[in-house]
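# Secondary and tertiary structure notes
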There are 2 protein chains.
Amino acid sequence: MAKQQKTAITPTREENYPEWYQQVVRAADLAENSDVRGCMVIKPWGYALWENIKAGLDGLFKATGHVNAYFPLFIPKSYLEKEAEHVDGFAKECAVVTHHRLEAGPDGGLVPAGELEEPLIVRPTSETIIGATYAKWVQSYRDLPILINQWANVVRWEMRTRLFLRTAEFLWQEGHTVHETEAEAWEETRKMLDVYKKFAEEYMAMPVLIGEKTAGERFPGAVSTLCIEAMMQDRKALQAGTSHFLGQNFAKASGITFQSREGREEVAWTTSWGVSTRLIGGMIMTHGDDDGMVMPPRLAPSHVVILPIIRKDTDREKIMAYCNETAEMLRTQTYAGRPVEVVVDGRDINAGEKGWGWVKKGIPIRIEIGPRDMESNSVFVARRDKGPKEKYGQSREEFAASVTSVLEEMQQLLFERACAFRAENTREIDSWDDFVQFFKAEGGGFALAHWDGTEETEQKINDELSVTIRCIPFDYEAGGEGTCIVSGRPSKGRVVFAKSY
Amino acid sequence: MAKQQKTAITPTREENYPEWYQQVVRAADLAENSDVRGCMVIKPWGYALWENIKAGLDGLFKATGHVNAYFPLFIPKSYLEKEAEHVDGFAKECAVVTHHRLEAGPDGGLVPAGELEEPLIVRPTSETIIGATYAKWVQSYRDLPILINQWANVVRWEMRTRLFLRTAEFLWQEGHTVHETEAEAWEETRKMLDVYKKFAEEYMAMPVLIGEKTAGERFPGAVSTLCIEAMMQDRKALQAGTSHFLGQNFAKASGITFQSREGREEVAWTTSWGVSTRLIGGMIMTHGDDDGMVMPPRLAPSHVVILPIIRKDTDREKIMAYCNETAEMLRTQTYAGRPVEVVVDGRDINAGEKGWGWVKKGIPIRIEIGPRDMESNSVFVARRDKGPKEKYGQSREEFAASVTSVLEEMQQLLFERACAFRAENTREIDSWDDFVQFFKAEGGGFALAHWDGTEETEQKINDELSVTIRCIPFDYEAGGEGTCIVSGRPSKGRVVFAKSY
């Protein structure tokens, strides 16, 4: 008896969420593990998604006055050591280049040779190497602000890796800015957080909370780390982006000083901010379902796939021509700043398998065109946000005229659905018993609870429940004072607790 | 007495070409050396140029059916060793990662720790690591062709480096394709060479010769290397791009086999092709002059700079408004697929210094707008392809209406000028004496001469004159047979000799 498969992905989210995630990444052809420990291969469909993410973010960065540049992959060990907390944070997980050639060894194989005088670290982040350059560029207040972003690969030697969420090498952008005043640097830090929030919500359809990290969760060397936090479908939090106010820490370490308007030598103020290919993990876990990936239309590599249904070989030519003509009609439309992108999938493989392949990849709209559709000048439409068998016929003209509004409607629905999910799984909690109950018996989510502000309490909660403070909302005092759920000490407002990735 | 400076760049090309090059890179704010040996910092103006190069090439790659993906930065040593010639070619200049953390050492500083079982090589090129992945992807002829490109950074530990032309780390694209048949792989190799030629000539305005490399100049492990070769203004050749027919060498090494249409297990055929940030060096040395960089309009980061001439502070607001209005008029035009990009440079610095800054950066068009221009509704125009003082007045409407055709005219003129230069410095040479004379006394260039086809003769010429065979033109037999200028042995046709970068 053939195995009855209810969903395209096995296991389902309910059955085994982490394994479901791996299977979606595989089934959607987004990425795979390489033979190099912790390094992934981003496959064409996944990379096309990254290209759209890049284009969207890059546009927002440029609109806020930033330009791109490129700095070295390698950081001399002594540079990393310049900021004490920073090197502490990264020393345990960095790839170290010690030699610059290979030579025949005693047993015939090649061995590293040409030892470097000073080891080089493959950048885990670039504050120190960029800081060294900025120190040369900045002489006077007239050279400020510096508003530069870099698109790059970075390496952090993580022991447990998971595709997109945590990999040894990942792709990201890192903004590094320098300012005359503390206020201006703070404004930049916050501005870029808002850019991230806008991108997450309007492009990725992924609602995020914003706020400040506690001291324990700060970027190593930062004065303050701001973050966007999203809720995944297993109710865990994903830190999706961070914006750091670095104060004068890195400027002092790198020697970024300038002559002020008053003619004094002053130390500059810096910020850094970044998001990475982890965003793709966030999209999968926000929108994916038991049939695979669901692409938010604004970032989808393609918007529509046309599936010709060819039952007789003699029909092939006519149907393909009709499909290609339909594709051209759709491509004349513009959605979210680019032409509607259409694939005509004429591969000669099993039609069911072909259709399911596109469901799993998460393409927003599938349309089927067979001989009868062609005769009646119509198309058969399936939307990825509906059940896989929920299809409807429509005249081709009507479909073409409505395609961009359907895409935008889907984009909005995905966002609303994610907002509703987060709302359902966010709760104000006022006692330790309820807090334990929430995370241990009720599946957890975001708990808004009072905290006494100490690292000790924070650590205790983490030790007992593996729950951390995801952020202190900017307006956290607005909800009123209370008492800490652990210590009973006074608290100025509720902070956000959750399990996290 | 103030120093009389005739040109914006010192020294001139005539006086000291290599030093002129360095000074142009610096004065145009394109890039600089970092503190990391051989690694450059690509500054915003240089990186914006690279972004335009990327966009142009990426469009051509996609139009020829290619998609992008991303593969690991690191290559296990054993992978590099799989292809004997390949590892021989790269072992001498590769960055080797041997450890994955830093630990406090005996003297308190940090030392490399966590030695890797197998050293990892920072990719100098990705045939072997991509090949290992392709071996998993390819099972049947139905999986072919694979047509993938990667945009990435690579590292080759060069001893003598020069900004853009030869750096330890550089940015590039590398296409890696897999095919069913030898003929198809050959067709791809040649197709991508033609894409490079098209890009060099139509976008960079840099004429190139195309042909095949001799055995001694081949990519390590390739069966054949095709190349585009350009002539710089010092008459030396620059290899600006290569396309490799890899035969079955790498497919065998990586185990890329497939079940053929006839049901047999067969070894696939592969190609690879790449161009890098070296292209920027080629543009500088093709178009730059004694006043700095000259940007071909199609790739220029910005097309027009508007320089407000403000003599009285009370005029500032009005003039700036007029300038911004002019910028908006220009931005409504489209040139080469993007809006005309305009900078309004309102910085409050010396007007001469400001204008010369833009000359050195190579922006195609500068326009000055002062109070009288504003009153007469006109602009004062300077083109970068003319002398720095050759300016003309024009009504604003007339200028705006003609700006895209002026840009295109400049693009064509730059190309024609470069073609003429190459033609002037290319010569058919039939005797060893003339050949020596050409390279030793007449400044050299491209010498088209008969060669007997032996490595021995090639080596002899290189040893005596540091002149190499840049390429064997595809149609080299069309010019007729002859005798080798060194050995007097028969030759089927002329090949291209030059000094080179």
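Residues numbered from 1 in each chain as written. Chains lettered and ligands numbered in written order. Predicted model: local features only at pLDDT ≥ 70, side-chain atom pairs only at ≥ 80, totals over all residues. Heavy atoms only, no water.

## Quick word on the UniProt feature "domain: Aminoacyl-transfer RNA synthetases class-II family profile" (unreviewed entry) in chain A
Put simply, the test is: UniProt positions are given in the numbering used here, feature names are shortened, and annotations may be inferred rather than shown by experiment. Per the convention used, a helix needs a DSSP run of H or I reaching at least four residues, while a strand needs a run of E reaching at least two, with both numbered from the N terminus.
When the UniProt feature table is mapped onto this chain, "domain: Aminoacyl-transfer RNA synthetases class-II family profile" (unreviewed entry) is found at residues 46-296 of chain A. Between the C-alpha atoms that bound residues 46-296 of chain A there is a distance of 13 Å. The span itself is 31% helix and 33% strand.

## Points about the sheet that holds strand β9 (residues 209-212) of chain A
All names here are of chain A. To keep it simple, the criterion reads: For two strands to pair, DSSP has to find at least two bridges joining them. Residue contacts are defined here by distance: any two heavy atoms, one from each residue, within 4.5 Å place the two residues in contact. Axes here refer to lines fitted to C-alpha atoms; in helices the fit is confined to the stretch in contact. Angles between the N-to-C directions go from 0 to 180 degrees.
The 11 strands are arranged β3-β7-β8-β14-β11-β10-β9-β24-β27-β23-β22 in an open sheet whose pairing can be described as mixed. A strand with exactly one partner marks an edge of an open sheet, and here the two such strands are β3 (67-68) and β22 (426-428). Pairing geometry for strand β11 (residues 237-245) and strand β14 (residues 269-276), over four bridges, is antiparallel. If you follow Ser 243 over to β14, its bridge partner there is Trp 273. Contacting β9, β10 (224-231), β22 and β23 (446-450), helix α12 (residues 396-424) crosses the sheet at an angle of about 35° to β22. Along the sheet face, helix α13 (residues 432-440) touches β22, β23 and β27 (494-498) and points at about 165° away from the line of β23.

## Looking at the state of the cysteines
Residues and elements named next belong to chain A. As a reminder of what qualifies: Sulfur atoms of two cysteines make up a disulfide when they are within 2.5 Å.
For the coordinates displayed, the defined rule picks out zero disulfides over all chains. Of all cysteine sulfurs in the structure, the one in Cys 94 sits closest to Cys 39, which takes part in no disulfide; the separation is 14 Å. Free cysteine: Cys 471, not disulfide-bonded; nearest cysteine sulfur from Cys 227 at 4.8 Å.

## Some details on the pattern of salt bridges
Residues and elements named next belong to chain B. So the rule is basically this: Whenever a carboxyl oxygen of Asp or Glu lies within 4 Å of a side-chain nitrogen of Lys or Arg, that contact is scored as a salt bridge. Throughout, exposure labels follow a simple rule: accessible area from a 1.4 Å probe, protein chains only, divided by the maximum for the residue type, with under 20% read as buried, over 50% as exposed, and the rest as partly exposed.
Taken as a whole and assessed by the stated rule, the structure comprises 68 salt bridges over all chains. Put simply, Arg 383 and Glu 409 hold a salt bridge, and the shortest N to O gap is 3.2 Å. With Arg 383 in strand β20 (residues 378-383) and Glu 409 in helix α12 (residues 396-424), this pair connects stretches of sequence that are 26 residues apart. Arg 383 gets classed as buried once you look at its relative accessible area, which sits at 7%. Lys 460 serves as the salt-bridge partner of Glu 464, at 3.6 Å between the closest nitrogen and oxygen. Of the two residues, Glu 464 and Lys 460 are both situated in helix α14 (residues 455-465); the distance of four residues between them amounts to about one turn of the helix.

## Regarding the interface of chain A and chain B
Formally: Put simply, buried area is how much 1.4 Å-probe accessible surface two parts lose in total, over both of them, once they are put together. In this classification, the charged set is Asp, Glu, Lys and Arg, the nonpolar set is Ala, Val, Leu, Ile, Met, Phe, Trp, Tyr, Cys and Pro, and all remaining amino acids, among them Gly, are polar.
Every contact between the two is made by 63 residues of chain A and, on the other side, 63 residues of chain B. If you sort the residues of chain A by the area they bury against chain B, A:Tyr70, A:His100 and A:Leu102 come out on top, with a joint share of 13%. For the pair chain A and chain B, the number of links is four salt bridges. Between B:Asp35 and A:Lys136 there is a salt bridge, with its nearest N and O atoms 2.9 Å apart. Residue composition of the side of chain A that touches chain B, by class: 39 nonpolar, nine polar and 15 charged.

## Let's talk about the nonpolar core
Using the following cut-off: To define a nonpolar core, start from buried Ala, Val, Leu, Ile, Met, Phe, Trp, Tyr and Cys residues and group those joined through side-chain atoms within 4.5 Å.
In this structure, A:Phe74, A:Val122, B:Phe74 and B:Val122 are the most contacted members of the largest nonpolar core, which totals 82 residues. In this view, A:Val122 contacts A:Leu73, A:Phe74, A:Ala95, A:Val97, A:Val155, B:Leu73, B:Phe74 and B:Val97; residues no more than four positions away in its chain are not counted.

## Some words on the sheet that holds strand β7 (residues 146-155) of chain B
Residue and element names in this part refer to chain B. Read from one edge of the open sheet, 11 strands run β3-β7-β8-β14-β11-β10-β9-β24-β27-β23-β22, paired in mixed fashion. The sheet is open, and its two edges are formed by β3 (67-68) and β22 (426-428), each paired on a single side. As judged from the eight bridges shared by strand β10 (residues 224-231) and strand β11 (residues 237-245), these two strands associate in the antiparallel manner. Residue pairing for β11: Glu 229 is matched across the bridge by Gln 239.

## As for the relation of the copies chain A and chain B
Counted only if it meets this: Copies overlap after least-squares fitting; the atoms used are the C-alpha atoms of residues with pLDDT of at least 70 in both.
Its rotation angle being 180°, the transformation that places chain A on chain B also includes 0.0 Å of axial translation and leaves an RMSD of 0.0 Å. Taken together, the rotation and translation relating the two chain copies correspond to the operation of a two-fold axis. Every residue of chain A has its C-alpha some distance from the rotation axis, and the shortest such distance is that of A:Val97, at 2.1 Å. Of the residues that chain A buries at the interface, 100% are likewise interface residues in chain B, meaning the two copies contact each other through the same surface.

## Thoughts on the side chain of B:Thr98
With respect to the element layout, B:Thr98 can be found in strand β5 (residues 96-104). Exposure remark for B:Thr98: the relative accessible area of 7% places this residue in the buried category. Apart from residues lying up to four places away in sequence, B:Thr98 is in contact with A:Val96, A:Thr98, A:His99, A:Pro112, B:Gly114, B:Glu115 and B:Leu116.

## Overview of the packing of helix α1 (residues 17-27) of chain A against helix α8 (residues 278-287) of chain A
Residues and elements named next belong to chain A. As a reminder of what qualifies: Working rule for angles: under 35 degrees goes down as roughly parallel, over 145 as roughly antiparallel, 65 to 115 as roughly perpendicular, anything else as oblique. Note on convention: near helix rotated counterclockwise from far helix by under a right angle means a left-handed crossing. Clockwise means right-handed.
Viewed as axis vectors pointing N to C, α1 and α8 meet at an angle of 115°, and their least axial separation amounts to 11 Å. The angle between α1 and α8 places the two elements in the roughly perpendicular class. As α1 runs across α8, the sense of the crossing is right-handed. When α1 is examined against α8, the residues Tyr 17, Trp 20, Tyr 21, Val 24 and Val 25 are found in contact with a partner set consisting of Gly 281, Ile 284 and Met 285. Along the lines of polarity and charge, the residues of the contact of α1 with α8 split into seven nonpolar, one polar and no charged.

## Here we look at the domain arrangement of chain A
As a measure of interface size, the accessible area lost when the parts come together is often cited. Residues and elements named next belong to chain A. Basically, it comes down to this: Boundaries between domains were set according to an automatic or database domain assignment. Pairs of N or O atoms within 3.5 Å make up the polar contacts considered here, provided that, within protein, one atom can donate a hydrogen while the other can accept it, and that residues adjacent in sequence are counted only when both atoms are side-chain atoms.
Along its sequence, chain A is organised into domain 1 (17-287), domain 2 (304-418) and domain 3 (426-498). Put simply, the middle of domain 1 and the middle of domain 2, counted by C-alpha atoms, are 38 Å apart. Facing the 14 residues of domain 1 at the interface are nine residues of domain 2. Summed over both partners, the interface of domain 1 with domain 2 comes to about 940 Å²; 62% of that surface belongs to carbon and sulfur atoms. The interface formed by domain 1 and domain 2 contains one salt bridge. Notably, a salt bridge pairs Asp 29 with Lys 361, separated by 3.9 Å at the nearest N-O pair. One can count three residue pairs in polar contact (both at pLDDT 80 or more) joining domain 1 with domain 2. Going through the elements one at a time, α2 (44-63), α6 (182-203) and α8 are the ones with two or more residues in the side of domain 1 that touches domain 2. Of all the elements, α6 adds the most residues to the side of domain 1 that touches domain 2, at three residues.

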